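This is what each chain is made of:
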Amino acid sequence: GVGLALCQRLLEEDGRIHLCIACRSVQKSEATRDLILATHPTAQVSTVEVDLGNLASVLRAAQELRCRFQRLDFVYLNAGIMPNPHVNFKALWHGLLSGKVLHMLTTAEGIMTQTDRLTGDGLQEVFTTNLFGHFLLVRQLQSLLCGNEKPSRLIWTSSSNARESAFSLSDYQHAKGQESYSSSKYATDLTSVVLNRKFNNQGLYSSVVCPGLVMTNMTYRILPVFLWKLLMPIMWLIRFFAKTYTLTPYNGAEAHVWLFKQKPEYLDLLVKYHSCTTGLGRCYVEPRKMDVDEDTAEKLYQKLLELEKQILEKYSELLD
């Protein structure tokens, strides 16, 4: 998916970097490492096992990274899940009749629902994997990210599907709704904003990107494969009108790679950077202001800190 394409593209930008790829299983991380080395045989590539939906795994991975590295320059927070996605065809039909179909097809607003479940820690799985697991990891890696000679960067993979209407502070894990993915991505945007307020003065900067509509394993689970094959010619045509139809992981990683080359001090921290592709296939990045309320961001941050405290008390034996 986007993660593998990102690794390959970063090495094309600078073959001297040391990549540490994080995957849920040793087998998957080693297979990914082999794919990267097949095209970049001299690259420095290491692996770490981490399941963002398992908070004990997050703490163990953070401890391992603290032992291995003295600093981290970039952390790409790209892991994400969308369990049991369903298309609401009735809503899609109404969108077609109302003339809003292009907006719905580019944001999935109102037409995508998911069923969530609880993790072993008793938290909502989508919230934990898409946001809180990353948040806990960042907090545990703070000593490697702050106070370095050069700024360190967090780059979160968000989505154009991140919508305020799907998010509620009173149900920030989205236990009561059916748009857990959208809620988690909006919470991601809020978290990035507040992290900048808290940590820019320590040399840590946070940005969010949207890879656009990319055909990956996550996307293919939304509809049967044969339907995707029938739709692909239409999707290539839609790209002439919907620039966020990046379609390939390589194109989807455009904003991630663009941020790798920017000085964070000059970036607008209230902007989401979207990977875009023209109808003829040219990749570019489009910045768009995020619809986030900074007061809500601060309140969410405090709730995340409270939850973090509970988790650290539960897994105190895993802490240094």
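Residues numbered from 1 in each chain as written. Predicted model: local features only at pLDDT ≥ 70, side-chain atom pairs only at ≥ 80, totals over all residues. Heavy atoms only, no water.

By the naming in an unreviewed UniProt entry, the protein chain is 3-keto-steroid reductase/17-beta-hydroxysteroid dehydrogenase 7, taken from Pachyramphus minor. Its UniProt record gives the protein chain a comment under Sequence similarities (unreviewed entry), which states: "Belongs to the short-chain dehydrogenases/reductases (SDR) family. ERG27 subfamily." We quote the UniProt Subcellular location (unreviewed entry) comment for the protein chain here in full: "Endoplasmic reticulum membrane". (UniProt positions renumbered as here; feature names shortened; annotations may be inferred.)

Colleague: I'm lost on the side chain of glutamine 173 in this one. Help?
Modeller: By the secondary structure assignment, glutamine 173 is in the loop between β6 (152–157) and α8 (180–199). For glutamine 173, a relative accessible area of 17% corresponds to the buried category. Engagement of the side chain of glutamine 173 in a polar contact is seen with the backbone nitrogen of glutamine 124, the distance being 2.8 Å. In this structure glutamine 173 touches Asp116, Leu123, Gln124, Phe127 and Leu307, once residues within four positions along its chain are discounted. (Helix = DSSP H or I, 4+ residues; strand = E, 2+ residues; numbered from the N terminus. Buried < 20%, exposed > 50% of the residue type's maximum accessible area, 1.4 Å probe, protein only. Polar contact = N/O pair within 3.5 Å; in protein donor to acceptor, adjacent residues only side chain to side chain. Contact = heavy atoms within 4.5 Å.)

Colleague: Hey, could you run me through the sheet that holds strand β3 (residues 74–77) in this one?
Modeller: A sheet is described by the order of its strands in space; here 5 strands give the open sequence β3-β6-β7-β8-β9, paired in mixed fashion. Of all strands in the sheet, those bounded by a partner on one side alone are β3 and β9 (283–289). Each adjacent strand pair in this sheet contributes to an overall mean axis angle of 25°, direction not counted. Here strand β7 (residues 204–210) runs beside strand β8 (residues 271–277); their pairing, made up of 3 bridges, is parallel. Across the sheet, the residue bridging to cysteine 210 is histidine 274, located in β8. (Pairing = 2+ DSSP bridges. Axes fitted to C-alpha atoms, helices over the stretch in contact; angles between N-to-C directions.)

Colleague: Would you mind going over the packing of aromatic side chains with me for this structure?
Modeller: Ring pairs (aromatic) are described by centroid distance and by the angle formed between their planes. Considering all chains together, one arrives at 8 aromatic pairs under this definition. Note on phenylalanine 132 and phenylalanine 135: the rings are 6.2 Å apart at their centroids and 25° apart in plane angle, and the pair reads as stacked. Of this pair, phenylalanine 132 and phenylalanine 135 both sit in helix α6 (residues 125–140), 3 residues apart, roughly one helical turn. When sorted by exposure, phenylalanine 132 lands in the same class as phenylalanine 135, which is buried. Arranged with centres 5.6 Å apart and planes meeting at 45°, the rings of phenylalanine 167 and tyrosine 186 form a pair that is tilted. Of the two residues, phenylalanine 167 is situated in the loop between β6 and α8 and tyrosine 186 in helix α8; the sequence distance between them amounts to 19 residues. There is no split in this pair, since phenylalanine 167 and tyrosine 186 are both buried. Over the ring of tyrosine 250 we find arginine 9; its NZ or CZ atom is 4.2 Å from the centre of that ring. (Phe/Tyr/Trp six-rings, centres within 6.5 Å; stacked < 30°, edge-to-face > 60°. Lys NZ or Arg CZ within 6 Å of the ring centre and 35° of its normal.)

Colleague: When you look at the nonpolar core in this model, what are you seeing that I'm missing?
Modeller: Nonpolar side chains in soluble globular proteins tend to be buried together. One finds Leu55, Phe132, Leu141, Leu145, Leu154 and Leu304 to be the most contacted residues of the largest nonpolar core, which totals 50 residues. Among the elements of the structure, α3 (55–68), β3, α6, α7 (142–145), β6, α8, β7 and α13 (294–314) are those that each provide at least two residues to this core. When near neighbours in sequence (up to four residues on either side) are disregarded, phenylalanine 132 contacts Leu55, Leu123, Phe127, Leu304, Leu307, Glu308 and Ile311. Judged by nonpolar contacts, the second largest core, of 24 residues, contains Leu6, Cys7, Ile155 and Val209. (Core = buried A, V, L, I, M, F, W, Y, C linked by side-chain atoms within 4.5 Å.)

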